[in-house]
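# A look at the structure
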Amino acid sequence: NGYELLRDYAKGFRIGAATNTIHYSNSNYIEAMKSFNYMVAENGCKFVSIQGTKGKFNFNDCDNHLKKAKELGMAFRGHALIWHAMAPQWIEHEDSNTMKQSIINHVTTVLKHYEGKIDAWDVVNEAIDDGSNGNGWKFRNSFLYQKVPDFIDIAFKTAREVSPNTKLFYNDYNTEAIWAKSESVYQFVADMKKRNIPIDGVGLQYHVGINVQPQFNKIDNLISRYCKLGVEVHITELDVSCDDNCNDYDGGEGKQSQVYTNALKACLNNSCCTGFLVWGIGDNDSWRGAENKPLLFDSNYKPKGQYNTILNIL
Ligand code: XIL
């Protein structure tokens, strides 16, 4: 297809992207996917996609992602078991005890279905409050927290019990050493380790922009502290909105490439950082909006300057 593939330079390092089956009929999309060796479903493996009706598990879309990953020789990351968003309506109205059982049942059934096929899962997504100030942490006041305050512990313990070989991740945004919340999430993960809650990794979503971007030293230092804690790190959902500066996007030298550079270098600099994923293939597909040109491929699935930036670092 006329350009070099990231996966050919990755040498075992997992470089991935979020994909969506709605685009699989587009051969340009599939060609661009082939550059990666790791995949996550943008939406297809979420609670509402799999169990939109209580007790009726529909694995079709998640399975179809996994099938394509296999076909293209990509490893697959699971996202996400328990999250306050993209959860089905029915669970929000359950009483505490019923909801607790529903959490256990979802985690158990999904992990068993994918046993041996998906080696890392986001067990809980976005459970720490944005206002956490770096001095301890506040839990997000979601329906989950209100009804089942210990839902995080329950989800991780259940996951370990039913699928001991799966790597269990906590995943969140604003965790990239810009805002105070990143320190709070670190302390929260450290506390889980201290209390022997089975957690193997942390996902730093890395939805950022070119105007306020993570500094290399800070993100490098944060990742190294996670390593010392004994957890792995994945950069799970990287995209970089160019906000009001979208002419600065394709030179490979601009501020946007700087964000990609810092993120990848900081990850490669720390041996516990074992995965690096962008949140989508082409700019047109991005949840940040095509006008923000946040990804590595343009809307015609041609690699951008940022793509070459990444390629040259690998
Ligand atoms: C987003 C998807 O990209 C959108 O298509 C969907 O409408 C909403 O969810 N944090 C996460 C991801 O963990 O699951 C979200 O994905 C983006 C923010």
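Everything below is about the structure printed above this text.
Read on for a plain summary of the structure. This is a predicted model, so every value here is computed, not measured. What you see as residue numbers is a count from 1 along each chain, following the sequence as written. Since the coordinates come from a predicted model, pLDDT governs what is reported: local features require at least 70, and pairs of side-chain atoms require 80 or more to be given and counted, while whole-chain, interface and lining totals use all residues. Excluding hydrogens and water, the side-chain values take into account all heavy atoms of the structure.

### Some words on the packing of aromatic side chains
The geometry of an aromatic ring pair is captured by the separation of the ring centres together with the interplanar angle, meaning the angle of the planes. Quick reminder of the rule: Two rings from Phe, Tyr or Trp (for Trp, the six-membered ring) form a pair when their centres sit within 6.5 Å of each other. Planes less than 30 degrees apart are called stacked, planes more than 60 degrees apart edge-to-face, and all others tilted. The helix count covers DSSP runs of H or I at least four residues long, the strand count covers runs of E at least two residues long, and both are numbered beginning at the N terminus. Per-residue accessibility, obtained with a 1.4 Å probe over protein chains only, is compared with the maximum for each type, and a residue is labelled buried under 20%, exposed over 50%, and partly exposed between these values.
Scanning the model with the defined rule gives 16 aromatic pairs in all. Ring geometry for Tyr-3 versus Tyr-307: centroids 5.6 Å apart, planes at 80 degrees, classification edge-to-face. Taken together, the positions of Tyr-3 in the segment before helix 1 (6–10) and Tyr-307 in helix 12 (residues 305–313) put the pair 304 residues apart, joining distant regions of the chain. According to the relative accessible area criterion, Tyr-307 is buried, its value standing at 0%. Seen in terms of ring centroids, Trp-137 and Phe-188 are 5.9 Å apart; in terms of plane orientation they differ by 65 degrees. Their pairing is edge-to-face. You can see Trp-137 sitting in the loop between strand 5 (120–125) and helix 7 (143–147) and its partner Phe-188 sitting in helix 9 (residues 181–194), a full 51 residues away along the chain. For Trp-137, a relative accessible area of 27% translates into the label partly exposed. Under the relative-accessibility criterion, Phe-188 is labelled buried at 2%. Three or more aromatic residues link up through ring pairs in this structure, and these residues are Trp-137, Phe-139, Tyr-145, Tyr-170 and Phe-188.

### Examining the side chain of Asn-20
Structurally, Asn-20 is set in the loop between strand 1 (14–19) and helix 2 (27–33). Residue class for Asn-20 comes out buried when judged on its relative accessible area of 9%.

### Focus: the site of the ligand
What counts here: Near residues are defined by distance, with any heavy atom within 4 Å of the molecule or strand qualifying the residue. Whenever a nitrogen or oxygen atom comes within 3.5 Å of another N or O atom, the pair is scored as a polar contact, on the condition that within protein one atom can donate a hydrogen and the other can accept it, and that pairs from neighbouring residues in sequence are kept only if both atoms are in side chains. Accessible areas in this description were obtained via Shrake-Rupley with a 1.4 Å probe; residue shielding takes into account the shown protein chains only. The nonpolar class holds Ala, Val, Leu, Ile, Met, Phe, Trp, Tyr, Cys and Pro. Asp, Glu, Lys and Arg form the charged class, and all remaining residues, Gly among them, are polar.
Within the structure, the ligand sits among 13 residues, and Glu-42, Lys-46, His-79, Glu-237 and Trp-279 are positioned closest to it. In this structure, an oxygen atom belonging to the ligand sits 2.8 Å away from a side-chain N or O atom of Lys-46. In the model, an oxygen atom of the ligand is placed 2.9 Å from a nitrogen or oxygen of the Trp-279 side chain. In the complex, 79% of the free accessible area of the ligand, which totals 410 Å², lies under the protein chains. A class-by-class count of the residues in the shell around the ligand yields 4 nonpolar, 5 polar and 4 charged.

### Structural notes on the environment of Ala-266
What counts here: The contact criterion used is simple: two residues touch if any of their non-hydrogen atoms lie within 4.5 Å.
Here Ala-266 shows up in helix 11 (residues 255–268). In this structure the C-alpha to C-alpha distance between Ala-266 and Ile-223, which are 43 residues apart in sequence, comes to 7.5 Å. Discounting residues that sit within four places of it in the chain, Ala-266 has contacts with Phe-216, Ile-219, Asp-220 and Ile-223.

### Focus on helix 8 (residues 151–162)
Spelled out, the test is: Take the number of residues in a helix, subtract one, and multiply by 1.5 Å to get its expected span.
Helix length check: helix 8, at 12 residues, gives a terminal C-alpha distance of 16 Å against a target of 16 Å (1.5 Å per residue), a fit within 8%. All of the buried residues along helix 8 are Phe-151, Ile-152, Asp-153, Ile-154, Ala-155, Phe-156, Thr-158 and Ala-159. Residues of helix 8 that are buried sit in contact with strand 4 (82–83), helix 6 (96–113), strand 5, helix 7, strand 6 (167–172) and helix 9.

### So, the pattern of salt bridges
To keep it simple, the criterion reads: A pairing counts as a salt bridge when a side-chain nitrogen of Lys or Arg comes within 4 Å of a carboxyl oxygen of Asp or Glu.
As enumerated under the stated definition, the model contains 15 salt bridges in all. Ionic pairing is found between Arg-77 and Asp-122, a salt bridge with its closest N-O pair at 2.8 Å. A residue pair is termed long-range when its members are at least 10 positions apart, and Arg-77 in strand 3 (residues 75–78) and Asp-122 in strand 5 qualify at 45 residues. Note on Arg-77: relative accessible area 2%, which makes it buried. For Asp-172, the salt bridge goes to Lys-181, with nearest N and O atoms at 3.0 Å. Assessed through its relative accessible area of 0%, Asp-172 is described here as buried.

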